[in-house]
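# Overview (structure and organization)
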Amino acid sequence: MLSFSFIKKETLRADIATVSIHLTHTFGAEALSFEKKFTNSAGEEFTLSKFKYYLTNFKLIGNSSKAASVESYFLVDEEQPDSKKLIVSFEPGTYTGLRFLLGVDSIRNVSGAQTGALDPLHGMFWTWNTGYIMAKIEGHSPVSRMPGNFFEYHIGGFRGETNTLKQIDLKFPQALTLQKNRQLKIQVQADLAKWFSGPVDLSIAAKPSITSPGTNAKRIADNYADMFTLMDAKTNEP
């Protein structure tokens, strides 16, 4: 881990079953809020005003990895609570984990004007050459040298060594059977603190703005690739 325009609902068929993915956003052990002050691994205090990212190309992992029954592209936005509940359809079967991409695959980056979650009007697209912003945070920090103490990290890039697209694998605690008359409910936590620490620590004072593909964007993507944790997975009635 819908009623508003940039999340695509699926038309359920009799021969498929549903997976409900519920996303919770945190900063470390604290619930994420735009009203709170947080401190990153560099000891820098900040507040957030935006947190958005793409989750796409969902698969369930079993004896073979089965893709979702329809194309699955979702824009998750902290300001839109409904966007943190994703409904995806799959063929029934027994599965051991969930796989998805954090970001937009290279084919969609070069496929021309698109609609739904991939509509450029959502502010998550640069140009047809640089492609989609895979994930974005914005906020304010007293250590930022930008006007108004603003900082911004718009992370993208889908080519070569600076590709920021990340495959995420979440293993279930035990194999689960997905049936036509039951729903698989998955709870996933996304920890924004991972943006600031990992293979490369991020300092707002040193880098208050990253807004184009390149080495810096790739480093941040390497950090936030670890922000997802599976909290629970179980089957229940639809």
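Residue numbers here run from 1 along each chain, matching the order of that chain's written sequence. Selection of residues for local features in this predicted model requires a pLDDT of at least 70, selection of side-chain atom pairs for listing and counting requires 80 or more, and totals for whole chains, interfaces and linings are taken over all residues. Side-chain figures throughout are based on the complete set of non-hydrogen atoms in the structure, without hydrogens or water.

The next thing to look at is the overall build of the protein. Scanning the protein for helices and strands turns up 2 helices and 14 strands. Whereas a compact globule of 238 residues would reach a radius of gyration of roughly 18 Å, the protein reaches 18 Å, a difference of no more than 12%. In terms of overall dimensions, the protein has C-alpha extents of about 55 × 40 × 35 Å along its principal axes. Summed over its atoms, the accessible surface of the protein is roughly 10,800 Å², and 47% of this surface lies on carbon and sulfur atoms. Under the scheme used here, helices are H or I runs from DSSP no shorter than 4 residues and strands are E runs no shorter than 2 residues, and both carry numbers assigned from the N terminus. We compute the radius of gyration from the C-alpha atoms alone; for a globule the expected value is 2.2 Å times N to the 0.38, where N is the number of residues. To measure how exposed things are, a 1.4 Å probe is used in the Shrake-Rupley method; for residues, cover is taken only from the protein chains shown.

Another aspect to go through is the side chain of K166. Tracing the backbone through its elements, the reader meets K166 in strand 11 (residues 166-178). Since its relative accessible area comes to 15%, K166 is described here as buried. Within the structure, the side chain of K166 is placed 2.5 Å from the side chain of D222, a separation counted as a polar contact. Should any heavy atoms of two residues lie within 4.5 Å, those residues are considered in contact. In contact with K166, not counting residues within four places along its chain, are F100, L101, L102, K218, A221, D222 and A225. The cut-offs for exposure are 20% and 50% of the maximum accessible area for each residue type, with area from a 1.4 Å probe on protein chains only; residues under the lower value are buried, those over the upper are exposed, and the others partly exposed. Residues adjacent in sequence count toward polar contacts only when both atoms are side-chain atoms; beyond that, a polar contact is any pair of N or O atoms within 3.5 Å, and within protein one must be able to donate a hydrogen and the other to accept it.

Another point: the pairing of strand 10 (residues 150-156). Of all 7 residues in strand 10, 7 are buried; the element is thus mostly enclosed. The alternating pattern of strand 10 places F150, E152, H154 and G156 and F151, Y153 and I155 on opposite faces, both of which are buried. Taken together, the 7 bridges between strand 9 (residues 133-140) and strand 10 define a ladder with antiparallel strand orientation. Bridge pairing links I133 to G156 in strand 10. Whether two strands pair comes down to DSSP finding at least two bridges between them. In this sheet, strand 13 (residues 209-210) lies alongside strand 10 in parallel orientation, the contact comprising 2 bridges. Opposite E152, over in strand 13, you have S209 as the bridge partner.

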